[in-house]
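The primary structure of each chain is shown beneath.
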Amino acid sequence: MNIFIFGGTGDLAGRKLLPALYRHFKANRLSTHTKILSIGSRAIDTNEYRKFVKENLQLYLNAKEFEESICNSFLENILFLQIDFNKPESFQSMSSYARDGKRNIYYLAVSPIFYKPIVDNLSIQKLIFASSSIIVEKPIGKDHLTSVEINQALAEHFNEHQIFRIDHYLGKEAVQNLLALRFGNIIFEKIWSNIAIDHVQITVSETLGLENRGSYYDETGAIKDMLQNHLLQILCLVAMEPPTDINSESIRDEKLKVLRSLRPIEINKNNQQLVIGQYKDGAINAQPKTAYINEDGVNPESLTETFVALKLWIDNWRWSGVPFFLRTGKRMAEKKSEIVVQFKSVPHNIFDSKIMQKDNQLIIRLQPEESIKLKIMIKKPSASGFYLQELPLDLLFEDYYENDHLDAYERLLMDIIENKPSLFMRRDEVEEAWIFIDQLIESINSSETSPSKYNAGSWGPSGSDLLIASHDAKWNNEED
Ligand code: BG6
């Protein structure tokens, strides 16, 4: 097997792909015949490249994982090829490796502008075979039209089953666990609808800023960088109907139906559904953080949003009348990804009216730690009287699976190697998500909505609290 990494000297390769491949190598999950061929435009040779790989492994693996002798054997399987992505003849150097009968995986860890020239040139040099796979990263396009163009360029040379579109959130164990929680337990699925659920919150907050990606981010913003892919994918897994089986097509069919049921967002004064924000100066853990507009690569007049919160409706039987509140932002108070399922009140309170009855809440934490917490009411022990108290049933995954933590890219790479596509986005899913996002952006532009400022280190603009308060609810911001 050959794994070709286009963009082999880039950040994704150094930070994620090579460490993930090293871990598979160390655990004997890669066959001894696997070659990693890194491709880039820099004039360096394999020895220099191997130095780059070693430095990155030392930087991104934890001290226990890195072992000099294993690293040296791993490096023996790595070669570097200098290729100009725009020149067909430059791809000839790949032909002695990428032969028919071998599994050739082409990982495009490069800017999407190179997707088309790379696949065209692979085709010109006759390097694409029935057993080849192509891997592309989000964002697939900048809008619906450009996503169709990219998908079309790929489809000219590869069948859909050969194309793996990465949304790394789908590689996270906790995200996959949503399927287990929902469809492996009858207790949740029976009440997983407007019968018992009042609303759902999905939060993906980051304390990070732009991490040297200022010019990319300023062109992109939170809606396209995070909402279009990670948040909508989580939403799909929370809201989809039970698939007939765990096969990729069954799961993707159900996710697609959710995307198709999203009610378009209309922004007007009476019906507030969206808040966008941009961070200004502030502090996180007592460390001062500079305003977005002063970050490298950002236009000082920029109106790009670094935060978005919205109230979504899914127009189908199950979710009729249940709002989904989604929010994501950079430079927020805390890094966390979580889903909060807020249940309705009991239909009739049998207790003394002075007793505060709280509604059940299921909190599924995806990161930093992976946990499931169900808040329930119990009777507080007492010699007299009857008092209720809210307590959590708390499941922290690391208590059970201490050493089994897989990085998302480790899981995704193994699924690619084993040709299992369920954790990757199908063409129609990506394009459908863009249809929703295009309409949202058009609505923002036509209503001239501009981002409200929020302090770095806060939970976003105050409008976000008002948005959820309109449903008589609050974001789950407390550290528990
Ligand atoms: C990426 C976004 O897709 O996801 C980044 O482009 C973001 O802006 C990152 O920081 C967040 O991923 P994670 O796994 O750290 O939550």
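As a reminder, the structure under discussion sits directly above these lines.
Here the structure is a predicted model, which is why all the values come from computation and not from measurement.

Once that is clear, we can look at the overall build of the protein chain. Counting its regular elements, the protein chain contains twelve helices and 16 strands. Computed over the C-alpha atoms, the radius of gyration of the protein chain is 24 Å, within 12% of the 23 Å expected from 2.2 N^0.38 for a compact globule of 480 residues. Taking all 480 residues of the protein chain together, the buried fraction comes to 53%. In the protein chain, 54 positive and 66 negative side-chain charges are present, and the distance between their average locations comes to 2 Å.

This next bit is on the pattern of salt bridges. In total, this model carries 31 salt bridges according to the counting rule given. Of the charged contacts, one joins Arg213 and Asp225 as a salt bridge, the two residues approaching to 3.9 Å between their closest N and O atoms. Placement of the pair is Arg213 in the loop between strand S7 (197-205) and helix H8 (214-239) and Asp225 in helix H8, with a sequence separation of twelve residues. A single salt-bridge network, built from bridges that share partners, covers Glu249, Arg252, Asp253, Arg426 and Asp428.

So, about the packing of H8 against helix H11 (residues 427-446). Put simply, H8 and H11 touch, their axes get as near as 10 Å, and they point 130° apart. The pairing of H8 with H11 is recorded here as oblique in orientation. Note that H8 runs across H11; the crossing there is right-handed. On H11, the residues touching Ile223, Lys224, Leu227, Gln228, Leu232 and Gln233 of H8 are Glu429, Val430, Ala433, Trp434, Phe436, Ile437, Leu440, Ile441 and Ile444. Taken together, the residues of the contact of H8 with H11 sort by class into eleven nonpolar, two polar and two charged.

A few words now on the environment of Arg263. Along the chain, Arg263 turns up in the loop between helix H9 (248-261) and strand S8 (274-284). Overall, Arg263 belongs to the partly exposed group, its relative accessible area being 35%. Considered as a pair, Arg263 and Trp313 are 50 residues apart in the sequence and their alpha carbons are 5.6 Å apart. Residues contacting Arg263, with those up to four places away along its chain left out, are Trp313, Asp315 and Phe436.

Conventions used here
- Residues numbered from 1 in each chain as written.
- Predicted model: local features only at pLDDT ≥ 70, side-chain atom pairs only at ≥ 80, totals over all residues.
- Heavy atoms only, no water.
- Helix = DSSP H or I, 4+ residues; strand = E, 2+ residues; numbered from the N terminus.
- Rg over C-alpha atoms; globule rule 2.2 N^0.38 Å.
- Buried < 20%, exposed > 50% of the residue type's maximum accessible area, 1.4 Å probe, protein only.
- Lys, Arg positive; Asp, Glu negative; His and termini not counted.
- Charge placed at Lys NZ, Arg CZ, Asp CG, Glu CD.
- Salt bridge = Lys/Arg side-chain N within 4 Å of Asp/Glu carboxyl O.
- Axes fitted to C-alpha atoms, helices over the stretch in contact; angles between N-to-C directions.
- Parallel < 35°, antiparallel > 145°, perpendicular 65-115°, else oblique.
- Left-handed = near helix turned anticlockwise from the far one by under 90°.
- Contact = heavy atoms within 4.5 Å.
- Nonpolar A, V, L, I, M, F, W, Y, C, P; charged D, E, K, R; others polar.

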